[in-house]
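Examination of the molecular architecture
These are the residues of each chain, in order.
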Amino acid sequence: MTAVAVTGIGVVSAFGVGLTPFWDGLVAGQSAVRQLARARVPGVELGAEVPALDVRAFAQTPLARRIDRTSLLALAACRLALADAGEPLAAVAPERASLVLGSALGNLGETESFLDRLFERGAGIPLVFPNLVMNAPLSYASIELGITGPTAFLSEGEVSGEAAIAWGAGLVADGIADVCLAGGADELDGVLCEVLRDARGFTGGTRPGEGAAVLILEPQARAEARGARVYARVVPHAGFGVPSGVHRWPHDGAAVAAGLAPLVADADLIVAAANGRAALDRVEAAALAQALGPGRRPAVTALRGAFGDFGCAGALATAAAAMAIATGTIPPAANAAHLDTRFDVVRGEARRGRVRSAVVSALARGGLCRPIRLDAAA
Amino acid sequence: MTRAVAVTGLGVVSALGGNVDALAAGLVDGRCGITPLRLFRHRGRANVAAEVPEDVAGFEVALDAPATRRLSRADRFALAAAEEACHDAGLDASLRGAAALYAGATTAGMRETEEAYRRQRAGEDRRFRVSRMLATPLSTPAAVVAQALGIFGPRGTFSTACSSSALAIAAGAEAIARGRARVVLAIGSDQLCRLTYAGFDSLQALDPEPCRPFDRDRRGLSLGEGAAALVLEDADHARARGARVRALVAGHGTATDAHHVTAPHPEGAGARRALEAALGGAGLPAQAVGYVNAHGSGTRHNDEVEVAVLRAVFGDRLPHVPVSSTKSQVGHCLAAAGAIEAVVTVVALERGLLPPTVNLRALDPAWADLDLVPRAGRRASLGVAVTSSSGFGGHNVTLVLARPEAL
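Source: prediction; values computed, not measured.

Helix and strand counts for chain A come out as 13 helices and 19 strands. The globule rule puts the C-alpha radius of gyration for 378 residues at 21 Å, and the 19 Å found for chain A is close to it. For chain A, the spread of C-alpha atoms along the principal axes amounts to about 65 × 50 × 35 Å. Residues counted as buried form 68% of the 378 residues belonging to chain A. A fraction of 77% describes how many contacts in chain A between residues 6 or more apart in sequence connect residues 24 or more apart. Element-wise, carbon and sulfur atoms account for 52% of the exposed surface of chain A, whose accessible area totals about 11,900 Å².

Below you can see the structure in the form of C-alpha cells.
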C-alpha cells in the first residue's frame with residue numbers, strides 16, 4: 001500500500017476562516033463558543049458559529065453562486081486546503097484527482113425553507129431543490145475544482161468527517177488517486193438548535209457548532225518529490241461496528257476497546273471524541289482505559305468544547321491531530337472538567353513535545369467507530 | 001493479485017413486491033408498478049409513483065420496542081431486503097458479525113421527519129417529535145440493519161444521489177477484491193417523501209404518466225421507493241463453505257462529470273469513463289457484454305446521453321446488445337436504484353431472462369435500431385451484463401456482473 005501524506009489543511013471554524021485562527025485559538029486554550037447570532041433560539045443561547053463567508057471568494061463559476069451554506073463551508077475548506085498544499089491539482093490529470101466529503105445532516109437551512117414553502121403553497125422551489133440533494137457539496141466542489149476521478153460522499157452521523165477522511169486515504173493508499181481532497185462540513189441553524197433543545201441534547205459541557213475541514217492527501221513519495229510540506233501520514237483504517245441502540249451511543253466499552261487497541265497501542269496522543277454527554281464520555285473513557293491497558297498513559301486532549309459539537313467535528317479534530325504531529329504541540333482540552341482523571345489529560349496550557357503518532361477516537365450513535373490514526377512522516 | 005467477488009445472496013423490496021421471486025415474476029410479465037400516488041397528497045404536474053405495497057413494509061423486527069417504533073419506511077425496506085439477502089446467502093451469526101456493511105441513502109426517513117416538522121410548524125405539536133426527527137440521518141438505515149442482524153464489520157453510508165447504492169456495491173467489491181473483507185452486505189434504500197416528490201416535480205423532471213424510458217414521447221422519470229441488498233463474498237470463501245455463487249462482480253468503475261448539479265455531461269464523459277473503467281477492471285472487451293441494464297431514467301436528456309455513451313463504447317454492435325430500463329417497472333428508487341438494478345441484472349444472468357422496458361409505445365427514432373426489450377421479459381442465455389447508474393452532480397458508477405461459468 002502507498003503511504004498517504006497529509007500535505008494541506010483547510011479549516012473553516014467558529015475561530016474564523018483558515019487554519020491559522022483555528023490552530024492559534026486551540027493552542028491558546030481558547031473557546032470559539034459565543035452567544036449565537038444566526039442559530040439562536042429560546043433555550044439555546046451558546047454555540048460555535050462560523051462567521052459569514054463571502055461566496056465570491058470561494059465560488060467562481062456562475063452556477064456556484066447559488067451554492068448553499070453547507071456546500072460553501074466544504075468548498076471553502078477545499079480551496080484553503082489546496083492553497084495550503086501548494087495547489088497540487090495543477091500537476092495531476094483531472095481523472096486521477098479524487099474528492100471525498102462527508103456530512104451528518106447536510107443543507108439544513110434550505111431544506112427547511114423548501115418545506116415551509118411546500119407546506120404553505122404545495123409547491124417546491126426548482127432553484128433550491130438541487131442544493132437539497134445530500135451530495136450537493138460534492139457536486140459543487142467537483143465542478144468548481146474540475147475533479148473528475150472517483151468521488152464519494154459519506155454520511156455517518158457524528159463520525160461523518162472521519163469516515164470521509166478514511167475513505168479518501170484508502171483511495172490514495174490503493175493507488176486510485178494521485179491527489180485526494182477529503183473532509184466534511186456541517187452547518188448549525190435554528191431548527192437544529194430547537195430539535196437539540198427538545199431532545200435535551202446539550203446538557204453536557206459542549207455546545208453545538210458548525211464548520212468544515214478538508215485535508216489534501218497524496219502518495220508520500222509524490223509529495224516529497226514535489227517538495228511539499230508533509231504534516232503527517234494517515235494510516236488507512238476501515239473502522240468497525242459495535243453493538244448499540246440504533247439512535248444510542250455504543251454501550252459496550254469492551255467491544256470498542258478491542259477495535260481501538262491496535263491503533264492506540266503506541267500512540268503518543270489521543271484526540272478524544274468526548275463531547276460532554278455522559279453516555280458517550282463514559283463508554284469512551286472505559287474503552288480507552290481498557291485499550292491502553294495498565295501503565296500506558298499517552299497524552300489525551302478533547303477539542304469539541306473549543307470548536308463545538310457537530311457531525312463533522314471529527315474532521316476538525318483530525319486537522320488538529322495532524323497539526324499536533326507537525327508542530328509538536330498539543331492543544332489543551334477544552335471544557336475538560338468532565339474528562340476522566342485516569343488519563344494524562346492536557347489541561348490549561350498547550351504541551352510541547354514530539355508526537356510520533358496520534359489517534360482521533362471517533363464514535364457515533366448507532367454503534368459505529370471510525371478512528372483515524374496519524375503518524376509522523378519521517 | 002485480486003480476489004474474485006461473488007454474489008451469494010439477494011434481497012429486494014419494490015413496487016413489484018417484497019422479495020426476489022416477486023420481482024422476477026414482474027420482470028417476466030412486464031408488470032408496471034407505477035400507480036396513482038397514495039402515500040401523501042401532492043398538487044403538481046405529476047401524481048404517480050411506484051409505491052411499495054402496504055403489506056410488504058410491516059413485519060416483525062429484531063430490535064427493542066423504542067427502536068422498532070422509530071423505524072422509518074426506509075429502515076424497514078432496508079431491513080427486509082437485508083434479511084432476505086443474508087438468509088439467501090446462508091450467513092450465520094458469526095459470518096454476519098464479521099461482515100462489512102456498505103449502504104446507499106439519499107433521504108432515509110425524510111417522510112417521517114418532514115411530517116414531524118410540519119406538525120411542529122403548524123402548531124399541531126408544541127415541540128418537535130424528536131423520535132421522528134431521528135429518522136433523517138442517512139446513517140440510520142445501515143445502523144438499523146447492523147444492529148438488527150448483528151453486522152459489526154466496517155460500515156459506510158454513501159450518498160451520491162441516484163448512484164449511491166451502486167457505489168456501495170463497488171466499495172464492497174473493492175474491499176473483497178483487495179482481500180480486506182470476506183463478506184460484505186451492500187444495500188440501498190429510499191422511501192418516497194414530499195420533499196423529493198415536490199423537488200423533482202418543480203424541476204419538471206417527473207412524467208405526469210408512468211415513465212416511458214427510451215420512448216419518443218418520454219417526459220421524465222417516475223419516482224419509486226424500495227430497497228435491495230446483495231451479499232458479496234470472496235468467491236473462494238463462498239465455495240469453501242458450499243454457498244451458491246449466483247454471479248460475479250467482475251468489475252466496477254466510478255467517474256465524475258464535474259459539469260452540472262443536475263444535468264448530465266452533454267457527451268456523458270463521466271458515464272463513459274465509468275463504463276470503460278468497469279470493463280477494463282473486469283478485463284473484458286465490450287463484445288463480451290450480452291445485456292445492458294441502463295440507468296434509463298426516462299428524462300429526455302438522460303436517455304439521449306446514455307444511448308450516445310453506449311454507441312461510443314459498443315459501436316456497431318449495439319443493436320445486438322439488448323438494453324432495458326428497470327425504472328419503467330419500479331420507478332426511480334434513487335439510492336435504492338443501483339442495488340435494485342444490480343439484483344435485476346443478477347436475476348437476468350441467473351435465470352436467462354432479459355428484463356423488459358415497459359410502457360414503450362413508440363421508439364425514439366434516434367435509436368430505432370436498438371433492442372430495448374419492449375413490454376415483457378424475454379428468454380436469453382447471458383454470460384456478462386453491465387448495469388449503470390448516474391446521480392445528480394455527475395456521479396457515475398458502472399458494475400460488470402457475470403455468470404460464474406462465463407469467466
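Right, picking up where we left off after that structure.
Bringing the nonpolar core into the picture now. One finds Ile 9, Phe 22, Leu 217 and Phe 307 of chain A together with Leu 230 and Leu 232 of chain B to be the most contacted residues of the largest nonpolar core, which totals 114 residues. With 11 residues, the top contributor of residues to this core is helix 13 (residues 313–327) of chain A. Among the domains, domain 1 (4–234) and domain 2 (235–375) of chain A are the pair contributing at least three residues each to this core. Each residue touching Ile 9 of chain A, except ones within four places of it in the same chain, is listed here: Leu 19, Leu 80, Ala 81, Asp 84, Val 214, Leu 215, Tyr 231, Ala 319, Ala 322 and Met 323 of chain A. Core analysis: the second largest hydrophobic core is formed by 42 residues, Ile 67, Leu 145 and Val 214 of chain A together with Leu 138 of chain B among them.

What sets the pattern is the α-helix's 3.6 residues per turn: residues three or four places apart point alike. Residue and element names in this part refer to chain B. The terminal C-alpha atoms of helix 12 (residues 269–282), which comprises 14 residues, lie 20 Å apart, in line with the 20 Å expected from a rise of 1.5 Å per residue. The set of residues buried in helix 12 consists of Gly 270, Ala 271, Ala 274, Leu 275, Ala 278, Leu 279 and Ala 282. Axial view of helix 12: buried residues confined to an arc of 170°, hence all on one face. For helix 12, the elements touching its buried residues are strand 8 (247–256), helix 13 (300–314), strand 13 (384–391) and strand 14 (395–402). Downstream of helix 12 by one or two residues, Gly 283 has phi in the positive range, about 70°.

The subject of this paragraph is the packing of aromatic side chains. To describe a pair of aromatic rings, you give the distance between the ring centres and the angle between the ring planes. Residue and element names in this part refer to chain B. What the rule picks out here adds up to 12 aromatic pairs over all chains. When the centroid spacing of 6.0 Å and the interplanar angle of 80° are considered together, the rings of Phe 40 and Tyr 197 count as edge-to-face. Taken together, the positions of Phe 40 in the loop between strand 2 (35–36) and strand 3 (48–49) and Tyr 197 in helix 10 (residues 194–202) put the pair 157 residues apart, joining distant regions of the chain. The same class applies to Phe 40 as to Tyr 197, namely buried. When the centroid spacing of 6.0 Å and the interplanar angle of 55° are considered together, the rings of Tyr 102 and Phe 158 count as tilted. Taken as a pair, Tyr 102 in strand 4 (residues 100–104) and Phe 158 in strand 5 (residues 155–158) lie far apart in primary sequence, 56 residues in all. You can call Phe 158 buried: its relative accessible area is 0%.

Turning to the pattern of salt bridges, a few remarks are in order. Side chains that differ in sign of charge can pair as their charged atoms come close. Residue and element names in this part refer to chain B. The final tally for this structure, using the stated rule, is 47 salt bridges over all chains. We note a salt bridge from Arg 246 to Glu 350, for which the minimum N-O separation is 2.7 Å. Remark: Glu 350 occurs in helix 15 (residues 337–351) and Arg 246 occurs in the loop between helix 11 (235–240) and strand 8; sequence separation between them is 104 residues. The exposure class assigned to Arg 246 is buried, which follows from its relative accessible area of 7%. On the basis of relative accessibility, which here comes to 26%, the residue Glu 350 falls in the partly exposed class. The closest approach of N and O atoms between Asp 369 and Arg 311, which form a salt bridge, is 3.0 Å. Taken together, the residues Asp 369 in the loop between strand 11 (353–354) and strand 12 (378–379) and Arg 311 in helix 13 connect sequence positions 58 residues apart. Here Asp 369 falls in the partly exposed class, since its relative accessible area comes to 38%. For Arg 311, a relative accessible area of 29% puts it in the partly exposed group. Several salt bridges share partner residues, and in doing so they unite Glu 115, Arg 118, Arg 119, Glu 124, Asp 125 and Arg 129 into one network.

In the case of a regular strand, side chains alternate between the two sheet surfaces. Residues and elements named next belong to chain B. With 8 of 8 residues buried, strand 6 (residues 183–190) lies mostly within the body of the structure. Across 5 bridges, strand 4 lies against strand 6 in parallel orientation. Across the sheet, Leu 101 pairs through a bridge with Leu 185, a residue of strand 6. As defined by bridge partners, strand 6 adjoins strand 7 (residues 226–234) across 8 bridges and the pair is classed as antiparallel. Opposite Ser 189, over in strand 7, you have Ala 227 as the bridge partner.

Here we come to the domain arrangement of chain A. Residue and element names in this part refer to chain A. According to the domain assignment, chain A consists of domain 1 (4–234) and domain 2 (235–375). Taken together, the 53 residues of domain 1 in the interface contact 46 residues of domain 2. Overall, the association of domain 1 and domain 2 removes approximately 3,800 Å² of surface from exposure, summing both partners, and the carbon and sulfur fraction of that is 68%. It is Trp 23, Glu 158 and Glu 162 in domain 1 that bury the most area against domain 2; as a group they hold 20% of the surface buried on that side. There are 1 salt bridge connecting domain 1 and domain 2.

To continue, consider the sheet that holds strand 18 (residues 368–369) of chain A. Residue and element names in this part refer to chain A. Strands sit in the order 10-18-17 across an open sheet of 3 strands; the sheet is antiparallel. Only two strands of the sheet have a single partner each, and these edge strands are strand 10 (240–241) and strand 17 (363–364). Inspection of the sheet shows strand 17 paired to strand 18 by 2 bridges, in the antiparallel sense. Residue Ala 364 lies in a different strand from strand 18, and its bridge partner there is Leu 368.

Quite often, the size of an interface is put as the accessible area lost when its parts meet. Each side of the interface is counted separately: chain A has 61 residues, and chain B has 60 residues. The largest share of the area that chain A buries against chain B comes from Phe 119, Phe 129 and His 247 of chain A, three residues that together contribute 13% of it. The interface formed by chain A and chain B includes 3 salt bridges. Measuring nitrogen to oxygen at the nearest pair gives 3.3 Å for the salt bridge that ties Glu 194 of chain A to Arg 121 of chain B. In this assembly, chain A and chain B are joined by 26 residue pairs in polar contact (both at pLDDT 80 or more). At the level of elements, helix 4 (108–121), helix 5 (129–132), helix 6 (136–145), strand 6 (151–154), helix 8 (190–198) and strand 10 of chain A are the ones that each hand at least two residues to the side of chain A that touches chain B. For the side of chain A that touches chain B, a count of residues per class yields 33 nonpolar, 18 polar and 10 charged.

Taken across its 9 residues, helix 10 of chain B has 9 buried, putting it largely inside the fold. Turning to helix 10 of chain B, its buried residues are Arg 194, Leu 195, Thr 196, Tyr 197, Ala 198, Gly 199, Phe 200, Asp 201 and Ser 202 of chain B. Structurally, helix 10 of chain B contributes buried residues whose contacts are with helix 4 and helix 5 of chain A together with strand 3 and helix 6 (110–121) of chain B. Looking one or two residues beyond helix 10 of chain B, the residue adopting positive phi is Gln 204 of chain B, at roughly 55°.

On to the pairing of strand 19 (residues 372–375) of chain A. Residue and element names in this part refer to chain A. Of the two faces of strand 19, the one lined by Ile 372 and Leu 374 and the one lined by Arg 373 and Asp 375 are each fully buried. In this structure, strand 9 (residues 232–235) lies alongside strand 19, joined through 3 bridges in antiparallel fashion. When the bridges of strand 19 are listed, Val 235 appears paired with Arg 373. Note: strand 16 (residues 357–360) against strand 19, 4 bridges, orientation antiparallel. In the sheet register, Ser 357 faces strand 19, and the bridge partner there is Asp 375.

All names here are of chain B. With respect to the element layout, Ile 151 can be found in the loop between helix 8 (140–149) and strand 5. Taking relative accessible area as the criterion, Ile 151 reaches 2% and is therefore assigned buried. Here the alpha-carbon distance between Ile 151 and Gly 298, two residues 147 residues apart in the chain, equals 37 Å. Dropping the residues within four chain positions of it, Ile 151 is found in contact with Arg 96, Gly 97, Ala 99, Ala 100, Leu 101, Val 145, Ala 146 and Leu 185.

Scoring rules and cut-offs
Residues numbered from 1 in each chain as written. Chains lettered and ligands numbered in written order. Predicted model: local features only at pLDDT ≥ 70, side-chain atom pairs only at ≥ 80, totals over all residues. Heavy atoms only, no water. Helix = DSSP H or I, 4+ residues; strand = E, 2+ residues; numbered from the N terminus. Rg over C-alpha atoms; globule rule 2.2 N^0.38 Å. Buried < 20%, exposed > 50% of the residue type's maximum accessible area, 1.4 Å probe, protein only. Contact = heavy atoms within 4.5 Å. Areas by Shrake-Rupley, 256 points an atom, 1.4 Å probe, with all protein chains shown as cover. Core = buried A, V, L, I, M, F, W, Y, C linked by side-chain atoms within 4.5 Å. Domains from an automatic or database assignment. Expected span 1.5 Å × (residues − 1). Arc of directions from axis to C-beta. Phe/Tyr/Trp six-rings, centres within 6.5 Å; stacked < 30°, edge-to-face > 60°. Salt bridge = Lys/Arg side-chain N within 4 Å of Asp/Glu carboxyl O. Pairing = 2+ DSSP bridges. Buried area = accessible area lost by both parts, 1.4 Å probe. Polar contact = N/O pair within 3.5 Å; in protein donor to acceptor, adjacent residues only side chain to side chain. Nonpolar A, V, L, I, M, F, W, Y, C, P; charged D, E, K, R; others polar.

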